[in-house]
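Take a look at the letters that make up each chain.
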Amino acid sequence: MTPVLRIKDVAKTFWTPNGGVRALEPISLDIRQGEFISIIGPSGCGKSTLMNIVGGLIEEYEGEVLVDGAAVRGCHKEIGMVFQEESTFPWRTAIDNVAFPLEAAGVPRHERLKRARELLKLVGLDGFEQRFPSELSGGMRQRIAIARTLAFQPRILLMDEPFAALDEQTRLLLGDKVLQIQQELNQTTMLITHNIAEAVQLSDRVLIMTFRPGRILRVVEIDLPRPRSSKLMGGEKFGQYVAAIWEDLRDEASKGLQEMEGARTG
Amino acid sequence: MSTITHTGALRRPPPIVTRFLVLAALFAVWEAASRAGYVSAFILPPPSAIFQSFEMLFVHEGLVAAFLRTFAEAFAAAGIGSLIGVAVGYTLHRVKIAGRAFTGWVAASASAPLVLLYPLFLVIFGRNSATIVAMGVVGCMPPIILKTKEGLDNVRPVLLNIGRSFGLTPWKQFWMIQFPAALPTIFNGVRIGLLFAIINVVGVEYLIVFGGLGQLISDLGDRFEIPGMYAGILFVILVSVCFFFITEKIETWLLSSK
């Protein structure tokens, strides 16, 4: 079976007046339909660069990104993105935010509102259709952003640290929501995160990346039963996965920290 | 605790009351100085005389008609100025080299007394409303251009990335994301532009003795109807201040509802 998403020898060098900075060493990866993959790594490992390449926001890179076996470059309708920063449109109500990609695609009003209403329900925001983002909490706004991307019906959902700006409890509950959505829609998902527990809780596979230049250090298969929820986190096996990933990540994270502190003092 | 808050509230009246008290005190001092003969009542009539001549302005001098005319011209100027200003602001945002070359000059022109260009417009359009509106347009454009550029420059990159990830065409990217995101800042520019247009319109009306409030004030001065002239000036100030507050309220309301 062809993988839904194939990342083939993708590498990236950023060019500055002082020469090139190698952000990514060649990375290859296949993602199956319905699979949930997390990419975890220290700050500066190029994980967001990888996401932006796959999402099409960076168009200059080495290697290939294939969706259903066909090479894509630039933004692609099969790939939807959710960002870390606040990204709802403040001038649109919740339902109009979710309906945005459908409106842009010319879907008739009645139909797009119907679809948006279903998605708001899916992310647990029914009853908040007519609220503006400024009237909602950070967690609710991020759920609107997720619903908006889902409205586009992407084959692959890319999420770049979507819970990073939220508090721990909201983050856990939102993680449950994402799990539920992923199970209901059988949504292929690629999550960028620096939170180990989050990666273990949500993923089928966790990819650990090294510090710059980023490459894949190890792939951890998470063999925990589905359907999952945040209750999983008390279990012994869960703790073992977290500990094992931290073991690998530790050296890389301290390299990143040293470099950052070096940059600050030097 | 509640007593303290209570007496605190009594001691500190709301700002609007303070503003009026300051104004009332100023008028009282002025009135007293005028009556005591420290100030010539001919050069600076007492406030009571100025207030009394308001009636004359309303009944005999056509103050309302003059007001309507001035504001129609100012609104026309701001309307035309907004269309041109937003287009120019967009160009300065879009064409980076043009932005770097001209933004500084536009900002400088905002602080220059552009009203002094009136002879040029008088030659082009003649002594009529067109000159006045054209001067209003020139006056209101700098803030509209600058605020449009600022609003478009400062749209958060993540919102643009959302549009790109949905595969929006450049046109949709502009109308569905950039423009609405920049709209509060643009509105702010239009509001300041409207105030600049009022200043220029009244100024040119005064200078070329044609049209609304400016002409009225000029006429009254020429006839040595000094209290009436001051009443006219006071009226323009009052209307401008009211206008400033009303548009400010509209702006806050628009921002809070969206």
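What you are looking at is a predicted structure, and each value in this text was computed from that prediction instead of being measured.

Side note on the overall build of chain B
- Within chain B, the regular secondary structure consists of 11 helices and zero strands.
- Secondary structure elements of chain B, listed N to C terminal, follow the sequence α-α-α-α-α-α-α-α-α-α-α.
- The C-alpha atoms of chain B give 23 Å as radius of gyration, which overshoots the globular expectation for 258 residues (18 Å, by more than 25%).
- The burial tally for chain B puts 39% of its 258 residues in the buried class.
- In chain B, of all internal contacts separated by at least 6 residues, the share reaching a separation of at least 24 is 73%.
- Put simply, chain B has 18 plus and 12 minus side-chain charges, and the middle of one group is 19 Å from the middle of the other.

Considering helix 9 (residues 170–208) of chain B
All names here are of chain B.
- For helix 9, with 39 residues, the first-to-last C-alpha span of 47 Å runs short of the 57 Å given by 1.5 Å per residue.
- By the largest-angle criterion, leucine 183 marks the main kink of helix 9, which is about 50°, and a proline, proline 184, follows within four residues.
- Once helix 9 finishes, valine 209 follows within two positions and takes phi at roughly 45°, a positive value.

Observations regarding the domain arrangement of chain A
Residue and element names in this part refer to chain A.
- The domain boundaries assigned to chain A delineate domain 1 (1–78 + 154–222) and domain 2 (88–152).
- Taking only C-alpha atoms, the centre of domain 1 and the centre of domain 2 are 24 Å apart.
- If you look at the interface, domain 1 gives 17 residues, while domain 2 gives 11 residues.
- Across the domain 1/domain 2 interface, buried area totals approximately 1,100 Å², and carbon plus sulfur atoms make up 80% of it.
- Across the domain 1-domain 2 interface, the total number found is zero salt bridges.
- Inspection of the domain 1/domain 2 interface yields one residue pair in polar contact (both at pLDDT 80 or more).
- Broken down by secondary-structure element, the contributors of at least two residues to the side of domain 1 that touches domain 2 are strand 7 (156–160) and helix 5 (168–185).
- A total of eight residues in the side of domain 1 that touches domain 2 trace back to one element, the largest contributor, which is helix 5.

Here's the deal with the interface of chain B and chain A
- Across the contact, 16 residues belong to chain B and 24 residues belong to chain A.
- For the pair chain B and chain A, the interface holds zero salt bridges.
- Put simply, chain B and chain A have three residue pairs in polar contact (both at pLDDT 80 or more) between them.
- When contributions to the side of chain B that touches chain A are tallied by element, the ones reaching two or more residues are helix 8 (157–165) and helix 9 of chain B.
- Per element, the largest residue contribution to the side of chain B that touches chain A is six residues, and it comes from helix 8 of chain B.

Overview of the pairing of strand 10 (residues 216–221) of chain A
Residue and element names in this part refer to chain A.
- Sheet topology places strand 9 (residues 205–209) next to strand 10; five bridges connect them, and they run antiparallel. Following the sheet pairing, leucine 207 is matched in strand 10 by valine 219.
- In this structure, the hairpin formed by strand 9 and strand 10 is closed by a connection of six residues.

Concerning the nonpolar core
Residues and elements named next belong to chain A.
- Ranked by internal contacts, the top residues of the largest apolar core, which has 48 residues, are Leu5, Ile7, Leu50, Val54 and Met190.
- Each of domain 1 (1–78 + 154–222) and domain 2 (88–152) accounts for three or more of the residues forming this core.
- The contacts of isoleucine 7, once residues within four sequence positions are left out, are Ile27, Ser28, Leu29, Leu50, Val54, Glu64 and Met190.

Notes on the sheet that holds strand 4 (residues 62–67) of chain A
Residue and element names in this part refer to chain A.
- Read from one edge of the open sheet, four strands run 2-1-4-5, paired in antiparallel fashion. At either end of the open sheet lies a strand with only one pairing partner, and these are strand 2 (19–31) and strand 5 (70–72). Going across the sheet, the axis of each strand differs from the next one's by a mean of 35°, ignoring polarity.
- Of the pairings in the sheet, the one linking strand 4 to strand 5 comprises three bridges and is antiparallel in character. Note on strand 5: the bridge partner recorded for valine 67 is alanine 70.
- Across the sheet, helix 1 (residues 47–55) lies against strand 1 (5–16), strand 2 and strand 4, angled at about 115° from strand 1, the strand it touches most.

What counts as what
- Residues numbered from 1 in each chain as written.
- Chains lettered and ligands numbered in written order.
- Predicted model: local features only at pLDDT ≥ 70, side-chain atom pairs only at ≥ 80, totals over all residues.
- Heavy atoms only, no water.
- Helix = DSSP H or I, 4+ residues; strand = E, 2+ residues; numbered from the N terminus.
- Rg over C-alpha atoms; globule rule 2.2 N^0.38 Å.
- Buried < 20%, exposed > 50% of the residue type's maximum accessible area, 1.4 Å probe, protein only.
- Contact = heavy atoms within 4.5 Å.
- Lys, Arg positive; Asp, Glu negative; His and termini not counted.
- Charge placed at Lys NZ, Arg CZ, Asp CG, Glu CD.
- Expected span 1.5 Å × (residues − 1).
- Bend = angle between axes of the 7 residues up to and from the residue.
- Domains from an automatic or database assignment.
- Buried area = accessible area lost by both parts, 1.4 Å probe.
- Salt bridge = Lys/Arg side-chain N within 4 Å of Asp/Glu carboxyl O.
- Polar contact = N/O pair within 3.5 Å; in protein donor to acceptor, adjacent residues only side chain to side chain.
- Pairing = 2+ DSSP bridges.
- Core = buried A, V, L, I, M, F, W, Y, C linked by side-chain atoms within 4.5 Å.
- Axes fitted to C-alpha atoms, helices over the stretch in contact; angles between N-to-C directions.

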